[in-house]
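# Structure assessment
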Amino acid sequence: MSIDAYYYNWMWAWDSGGDGTSTSAKIRFDPQYAYAETSLSFADGGGYTGIGITHYETRPVPNGPNQPTDFPWDPNFTFPPAVDADQMTLVMAELDVGGSTSVTGLLTVFLWG
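Residues numbered from 1 in each chain as written. Predicted model: local features only at pLDDT ≥ 70, side-chain atom pairs only at ≥ 80, totals over all residues. Heavy atoms only, no water.

## As for the overall build of the chain
In plain terms, the rule: To qualify as a helix, a DSSP run of H or I must reach at least 4 residues; to qualify as a strand, a run of E must reach at least 2; elements of each kind are numbered from the N terminus. To sort residues, take the accessible area from a 1.4 Å probe on protein chains only and compare it with the maximum for the residue type: under 20% means buried, over 50% means exposed, and anything in between is partly exposed.
Check the secondary structure of the chain and you find zero helices and six strands. Counting helices and strands in the order they occur from the N terminus, the chain gives β-β-β-β-β-β. Over its C-alpha atoms, taken along the principal directions, the chain stretches across nearly 45 × 25 × 20 Å. Going through the 113 residues of the chain one by one, you find that 37% of them count as buried.

So, in structure tokens, the structure goes:
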């Protein structure tokens, strides 16, 4: 098995010391085995920083509907940093910041054949 393609989408969030803020990134692709991961590429400030996968979809039946999988935020764990699934079609990540912090995050998806 080898990597057929990869996609990435970066996101940026900044909080000036208010109630915090968040942003998200989404990547869609044809159904196939996929591995998605998140990472921080820059963080400045002393406040909260979190990134992870919040949602992905699979299409187990060709020409059928997508099946969603959602991850709720957990105060001890936040969101999962990576997921993989057969027949994945979409993945979404969220970047959260608070307390005078500026952050850049990355969502990367590797498609395997």
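## Focus: the packing of aromatic side chains
How we decide: Any Phe, Tyr or Trp ring, taking Trp's six-membered ring, that has another such ring centre within 6.5 Å forms a pair; planes under 30 degrees apart are called stacked, those over 60 apart edge-to-face, and the others tilted.
Enumeration according to the criterion identifies three aromatic pairs in this entry. When the ring of Tyr6 is compared with that of Phe110, the centres are 6.2 Å apart and the planes differ by 35 degrees; the resulting orientation is tilted. Here the residue Tyr6 occupies a position in strand 1 (residues 3-15), and Phe110 occupies one in strand 6 (residues 101-112), the gap between them amounting to 104 residues. Linked through ring pairs, Tyr6, Tyr35 and Phe110 together constitute an aromatic cluster.

## Some details on the environment of Val103
What counts, and what does not: A contact between two residues is defined here by any heavy atoms of the two lying within 4.5 Å.
When you line up the elements, Val103 lands in strand 6. Between the alpha carbons of Val103 and Leu40 there is a distance of 7.4 Å; along the sequence they are 63 residues apart. Non-local contacts of Val103, meaning those with residues more than four positions away in its chain, are made with Met11, Trp12, Ala13, Leu40, Phe42, Ala43, Thr49, Leu95 and Val97.

## Quick look at a nonpolar patch on the surface
The line we're drawing: Candidate patch residues must exceed 30% relative accessible area and have no salt bridge, after which like charges are joined if within 9 Å and Val, Leu, Ile, Met, Phe, Trp or Tyr side chains if within 5 Å. Each accessible area value is a Shrake-Rupley result obtained with a 1.4 Å probe; residue values ignore everything except the protein chains displayed when judging cover. Counted as salt bridges are all cases of a side-chain nitrogen of Lys or Arg within 4 Å of a carboxyl oxygen of Asp or Glu.
On the surface, Ile3, Tyr6 and Tyr8 cluster together into a nonpolar patch covering about 370 Å² of accessible area. Take Ile3: it is sitting in strand 1. A relative accessible area of 43% means that Ile3 is categorised as partly exposed.

## Brief notes about the sheet that holds strand 4 (residues 67-70)
Strands belonging to one sheet form pairs held by backbone hydrogen bonds; the direction of such a pair is parallel or antiparallel. Rules: Pairs of strands are assigned from DSSP output, requiring at least two bridges between the strands. Fitted lines through C-alpha atoms give the axes, limited to the stretch in contact for helices. The angle between two N-to-C directions lies from 0 to 180 degrees.
Read across the open sheet, the six strands follow the order 1-6-2-5-3-4; overall the sheet is antiparallel. Edge positions in the sheet fall to strand 1 and strand 4, since each of these pairs with one other strand and no more. This sheet shows a mean twist of 20 degrees between the axes of neighbouring strands, independent of strand direction. In this structure, strand 2 (residues 21-44) lies alongside strand 6, joined through ten bridges in antiparallel fashion. Residue pairing in the sheet places Ala43 in a bridge with Val103 of strand 6.

## Description of unusual backbone geometry
With the exception of glycine, most residues fall at negative phi, and the peptide bonds are largely trans. For Asn63, which is not glycine, the phi torsion reads 65 degrees and is therefore positive. Structurally, Asn63 is set in the loop between strand 3 (49-58) and strand 4. Asn63 gets classed as exposed once you look at its relative accessible area, which sits at 82%.

## Some thoughts on the environment of Met88
Along the chain, the position of Met88 falls in strand 5 (residues 82-97). Classification of Met88 by relative accessible area gives buried; the value is 0%. Here the alpha-carbon distance between Met88 and Pro68, two residues 20 residues apart in the chain, equals 9.8 Å. Dropping the residues within four chain positions of it, Met88 is found in contact with Phe29, Asp30, Pro31, Gln32, Ala34, Tyr56, Glu57, Thr58 and Val83.

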